[in-house]
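Working through the structure, step by step
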Amino acid sequence: MSKLLLIDDEEGIRKVFSISLKSDGYDVATAASGQQGIDLFQKEFFPIVLTDIKMPGMDGIEVLRRIKEINPEVEVIVITGHGDMESAIQSLHLGASDFITKPVSDQLLSIALERAEERLKTKKTLNNYANDLWNMVKEKTEEIKRRYEFEDKLVQRSIDGIVATDKEENIIIFNPAAEEMFGYTVNEAKSAMNAGNFYPEGISQKISDVFAGKDRNASDIFVGDEAFVSAKSGEAVPVRFSCAMLYEGDKPIGSVGFFQDLRKIKRLEKELIKSERLAAIGQTVAGLAHGVKNILNGLKGGLYIVNTALKKGAADWAAENKIDYSNMFTAPLQARSLKRIIDINTERERQQKKLKTGWEMVERNIHKVSDLVLDLLTYSKEREPEYEIYNPNIIADEVCDLMESKAKEYDIDLIRDIDREMGEIYLDPKGIHSCLLNLVSNAIDACVFDLDTQKQWYVKVRTRRENKSGVEFEVIDNGCGMGEETQSKLFAEFFSTKGTRGTGLGLLVTQKIVNEHGGTMDVVSRLGKGTTFTIRLQGKKV
Amino acid sequence: MAKKVLIVDDDVDVRTFSSSVVEDSGYKPEIAKDGEEGMGKVKEEKPALIILDILMPKESGIKMYRALKTDSQFSDIPVIVLSGIAKRTFLRSQKALDEFGDQPVPEPEAYLEKPVEPEELGAMIKKLLS
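Each value, and the rule that gives it
Residues numbered from 1 in each chain as written. Chains lettered and ligands numbered in written order. Predicted model: local features only at pLDDT ≥ 70, side-chain atom pairs only at ≥ 80, totals over all residues. Heavy atoms only, no water. Helix = DSSP H or I, 4+ residues; strand = E, 2+ residues; numbered from the N terminus. Contact = heavy atoms within 4.5 Å. Areas by Shrake-Rupley, 256 points an atom, 1.4 Å probe, with all protein chains shown as cover. Buried < 20%, exposed > 50% of the residue type's maximum accessible area, 1.4 Å probe, protein only. Pairing = 2+ DSSP bridges. Axes fitted to C-alpha atoms, helices over the stretch in contact; angles between N-to-C directions. Core = buried A, V, L, I, M, F, W, Y, C linked by side-chain atoms within 4.5 Å. Expected span 1.5 Å × (residues − 1). Phe/Tyr/Trp six-rings, centres within 6.5 Å; stacked < 30°, edge-to-face > 60°. Salt bridge = Lys/Arg side-chain N within 4 Å of Asp/Glu carboxyl O. Buried area = accessible area lost by both parts, 1.4 Å probe. Parallel < 35°, antiparallel > 145°, perpendicular 65-115°, else oblique. Left-handed = near helix turned anticlockwise from the far one by under 90°. Arc of directions from axis to C-beta.

With respect to the overall build of chain B
Helices and strands together make up the secondary structure of chain B, namely five helices and five strands. In sequence order, chain B lays out its α and β elements as β-α-β-α-β-α-β-α-β-α. Long-range contacts, defined here as pairs at least 24 residues apart, represent 71% of the contacts in chain B between residues at least 6 apart. Entry remark: accessible area of chain B is about 6200 Å², with carbon and sulfur atoms responsible for 52%.

Right, dumping it as structure tokens:
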């Protein structure tokens with residue numbers, strides 16, 4: 001029920017209006033003078049005030065002014081005398097909502113009140129709208145603030161170093177991870193440095209070109225390259241670097257670089273390699289046990305055979321000494337004695353042969369043990385390669401000289417195909433020597449194992465310039481070759497096709513050395529046709 | 001005539017060594033380089049005893065052992081397994097093969113791990129052939 005304040009000095013009017021307004025559903029309060037009305041209004045809020053203009057004391061105009069002062073939202077309807085347009089206009093100027101003229105008809109009053117109610121309602125709706133709008137603005141502002149803080153936190157707490165620049169390449173963001181990585185404080189970075197101090201070489205030039213509009217085709221994003229950046233301490237920090245240009249429309253306004261610190265990863269990588277090597281050593285020991293058992297068996301067997309032959313020899317010697325030779329040529333030939341001498345000699349020959357067999361067994365197995373131990377040492381030891389400027393041809397020639405006699409023994413041609421024009425490169429001569437020796441020795445074995453005796457076997461050692469600064473070694477044979485299965489197991493530990501002759505470590509050792517040089521090793525092989533091993537080394541930087 | 005002992009091993013040193021021990025024990029050694037050749041020699045020479053390696057190229061000792069023990073003609077020939085692999089490992093592989101659906105085979109008459117003492121091998125040969 002709307003409340004309404006009716007101010008009129010005529011009691012009759014107050015009474016009549018009260019009754020009719022109450023019956024229209026208003027909660028009506030009345031005041032007999034302007035002052036009384038204002039007093040009442042100050043105590044209590046009325047959305048609609050109906051006031052007479054002509055009153056003794058404070059008149060309706062004054063009442064209107066006061067009420068509007070107190071609350072401009074109030075609907076004030078003034079009641080004017082008949083034809084008093086001047087008051088009506090004045091009151092409208094002062095903010096009255098409406099006026100009705102005396103004598104007041106119920107109908108006119110109702111219309112005026114309805115219109116007032118309508119306006120109040122509209123005002124209220126408008127107010128609500130305004131409030132909603134305000135709340136929305138507040139909410140959105142807070143959201144933006146939250147998002148900004150969130151993004152700021154993202155940047156600040158990121159474990160990747162983040163560096164952002166404006167288009168003059170001044171630093172505008174330099175997060176704590178970047179501070180830690182580069183060793184500069186954010187203030188140092190922002191006040192005295194620019195992108196060129198942090199971005200990897202080359203990238204900052206490209207970015208400058210983009211800003212200068214020189215290089216419109218340059219990729220706007222440089223992703224995931226591993227690079228080194230230099231810290232304040234002078235340390236070269238390994239990072240994975242990505243960078244993006246920032247645009248407003250199509251105008252570049254800045255750049256942002258992300259630096260992932262790879263120091264820890266590099267360290268982990270090293271540890272991983274180490275633990276892999278330990279695991280490999282574990283496997284090695286298991287494989288080794290089997291190999292060593294066989295060798296021990298061979299050694300013991302050799303010893304046994306030598307010992308029995310020696311024992312037998314000693315016994316025969318003793319027996320021989322008992323034969324009386326004194327009357328051998330004077331007395332009639334004693335057939336028995338002679339036969340005995342012949343028997344002893346035959347037996348001695350047999351024992352001699354046994355001695356040789358046994359001793360060869362011992363020798364062979366001692367070789368096996370020393371090969372195994374040496375390979376194992378090279379494979380498991382963290383040998384630091386000793387790099388020097390060296391002519392790869394010297395190594396190839398040395399290896400060929402070494403293997404020449406072995407090749408001849410099996411009627412294999414050892415062909416040298418050496419690029420004499422080649423200069424020196426940076427490598428570990430001892431390591432590469434053992435690689436090449438291993439490959440050539442394998443190639444000779446491949447010919448020895450080949451069953452096709454129609455072939456004239458050869459092993460070719462070839463050297464060539466690789467690119468500008470590298471070298472390519474090739475060891476080519478036309479021996480027995482390898483099937484796919486064998487090739488797939490080529491670099492497995494203790495895998496050997498040579499039965500008990502191989503240690504199964506030779507190629508592993510070779511690969512390890514080639515890897516240390518940052519080189520590659522490839523193999524092409526066809527069963528029954530031959531094998532080519534290729535080692536490519538990039539001349540390591542001095 | 002002296003009884004024949006078949007030695008099956010891919011390692012020439014083991015063959016020489018075992019042959020010596022067999023000879024010195026008073027028997028005649030026969031040799032084969034792998035399981036395939038071994039089975040041929042078994043049929044040809046009818047040995048009284050077989051000394052068998054396990055890890056060999058071509059046909060392994062495991063296959064030859066099972067072929068021997070599942071053939072009524074040869075299952076009575078005693079076998080000494082002489083191998084670098086442990087007895088436990090060998091028996092486990094046999095058990096696995098038994099369960100796999102193959103005919104179950106008995107354990108070998110003797111199992112010697114390399115390296116073996118000549119006296120031990122000689123004594124075992126004599127024991128199984130007496």
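Let's talk about the side chain of Thr165 of chain A
Residue and element names in this part refer to chain A. Along the chain, Thr165 turns up in strand S6 (residues 161–166). We classify Thr165 as buried; its relative accessible area is 1%. For Thr165, the contacting residues outside a window of four places in its chain are Asn170, Ile171, Ile172, Ala195, Tyr199, Phe211, Ile253, Gly254 and Ser255.

A word on the sheet that holds strand S2 (residues 27–31) of chain A
Residues and elements named next belong to chain A. Taken in spatial order, the five strands line up as S2-S1-S3-S4-S5 in an open sheet, and their pairing is parallel. Taken across any chain shown, the strands that pair with only one partner, and hence form the sheet edges, are S2 and strand S5 (98–101). Each neighbouring strand pair of the sheet contributes to a mean axis angle of 20 degrees, computed without reference to strand direction. Examined bridge by bridge, strand S1 (residues 3–7) and S2 share five bridges and lie parallel to one another. Bridge pairing links Leu6 to Thr30 in S2. Here helix H3 (residues 60–70) sits on the sheet and contacts S1, strand S3 (48–52) and strand S4 (75–80); the angle it forms with S3, its principal contact strand, is near 160 degrees. Sheet strands touched by helix H4 (residues 85–93): S4 and S5. Its angle to S5, the strand with the most contacts, is close to 165 degrees.

What about the nonpolar core?
All names here are of chain A. In this structure, Leu414, Val440, Val459, Ile535 and Leu537 are the most contacted members of the largest nonpolar core, which totals 37 residues. Of all the secondary structure elements, the ones that give two or more residues to this core are helix H12 (392–409), strand S13 (425–427), helix H13 (429–449), strand S14 (458–466), strand S15 (470–477), helix H15 (506–516) and strand S17 (530–537). A total of eight residues in this core trace back to one element, the largest contributor, which is H13. With residues near it in sequence (within four places) discarded, Leu537 still touches Leu427, Ile432, Gly470, Val471, Phe473, Val514, His517 and Gly519. Formed by 25 residues, the second largest nonpolar core is a distinct cluster that contains Val163, Phe222, Val229 and Ala231.

Let's talk about helix H1 (residues 11–23) of chain A
All names here are of chain A. Given a rise of 1.5 Å per residue, 13 residues ought to cover 18 Å, and the 18 Å separating the end C-alpha atoms of H1 matches this to within 8%. Residues of H1 that are buried make contact with S1, S2, S3, S4 and helix H5 (106–157). Taken from the residues just after H1, Gly25 is the one with a positive phi, measuring 100 degrees.

A closer look at the packing of aromatic side chains
For any pair of aromatic rings, geometry is given as the distance between the ring centres together with the angle between the planes. As enumerated under the stated definition, the model contains 13 aromatic pairs over all chains in all. Seen from their ring centres, Tyr387 of chain A and Tyr426 of chain A are 5.6 Å apart, and the 20 degrees between their planes marks the pair as stacked. Note that Tyr387 of chain A is positioned in the loop between helix H11 (335–380) and strand S11 (388–390) and Tyr426 of chain A in strand S13, a separation of 39 residues in sequence. Ring centres 5.9 Å apart and planes at 75 degrees place the aromatic pair Tyr65 of chain B and Phe90 of chain B in the edge-to-face group. Pair noted here: Tyr65 of chain B is in helix H3 (residues 61–69) and Phe90 of chain B is in helix H4 (residues 87–99), with a separation of 25 residues, a long-range link.

Considering the pattern of salt bridges
Here the idea is simple: oppositely charged side chains can pair when their charged atoms come close. Overall, the coordinates contain 42 salt bridges over all chains when judged by the stated rule. Taking the shortest distance from any N to any O, the salt bridge between Glu143 of chain A and Arg147 of chain A comes out at 3.3 Å. Taken together, the residues span about one helical turn, with Glu143 of chain A and Arg147 of chain A both in helix H5 at a distance of four residues. What makes Glu143 of chain A partly exposed here is its relative accessible area of 31%. Between Asp13 of chain B and Lys368 of chain A there is a salt bridge; the shortest N-O distance is 4.0 Å. Here the residue Asp13 of chain B occupies a position in helix H1 (residues 12–24), and Lys368 of chain A occupies one in helix H11, the pair thus bridging two chains. The exposure class assigned to Asp13 of chain B is buried, which follows from its relative accessible area of 1%. With relative accessibility at 13%, the residue Lys368 of chain A sits in the buried group. The network of salt bridges with shared partners includes Asp417, Arg462, Arg464, Glu466, Glu472, Glu474, Asp522 and Arg536 of chain A.

Brief notes about the interface of chain B and chain A
Contacts between the two partners involve 19 residues from chain B and, on the opposite side, 18 residues from chain A. Both sides together, the interface formed by chain B and chain A hides about 1700 Å², and carbon and sulfur atoms give 52% of it. For the chain B face of the interface with chain A, the top three residues by lost area are Asp13, Phe17 and Pro115 of chain B, together amounting to 31%. For the pair chain B and chain A, the number of links is four salt bridges.

Let's talk about the packing of H1 of chain B against helix H5 (residues 118–129) of chain B
All names here are of chain B. Direction vectors running N to C along H1 and H5 enclose 55 degrees, while the axes themselves pass 9 Å from each other. The angle between H1 and H5 places the two elements in the oblique class. Note that H1 runs across H5; the crossing there is right-handed. From H1, Phe17, Ser18, Val21 and Val22 reach across to H5, where they touch Pro118, Leu121, Gly122 and Ile125.

Focus: the environment of Leu537 of chain A
With respect to the element layout, Leu537 of chain A can be found in strand S17. Each C-alpha atom, one on Leu537 of chain A and one on Leu427 of chain A, is 8.4 Å from the other, the two residues being 110 residues apart in sequence.

Quick look at helix H2 (residues 34–43) of chain A
Each α-helix winds once per 3.6 residues, and so residues spaced three or four apart point in a common direction. Residues and elements named next belong to chain A. Taken as a whole, H2 has its buried residues at Gly34, Gly37, Ile38 and Phe41. Taken down its axis, H2 places every buried residue within 95 degrees of arc, on the same side. Of the surrounding secondary structure, the elements contacted by the buried residues of H2 are S1, S2, S3 and H3.

With respect to the sheet that holds strand S16 (residues 520–526) of chain A
Residue and element names in this part refer to chain A. Overall, mixed pairing links the five strands, which are arranged S12-S14-S15-S17-S16 in an open sheet. Strand pairing shows two members of the sheet lacking a second neighbour, strand S12 (413–417) and S16, which therefore form its edges. Between one strand and the next, the sheet's axes are offset by a mean angle of 10 degrees, whatever the strand orientation. With five bridges joining them, S12 and S14 adopt parallel strand pairing. Bridge pairing in S14 links Asp413 to Tyr458. Sheet contacts for H12: S12, S14 and S15; angle to S12, the most-contacted strand, approximately 170 degrees.

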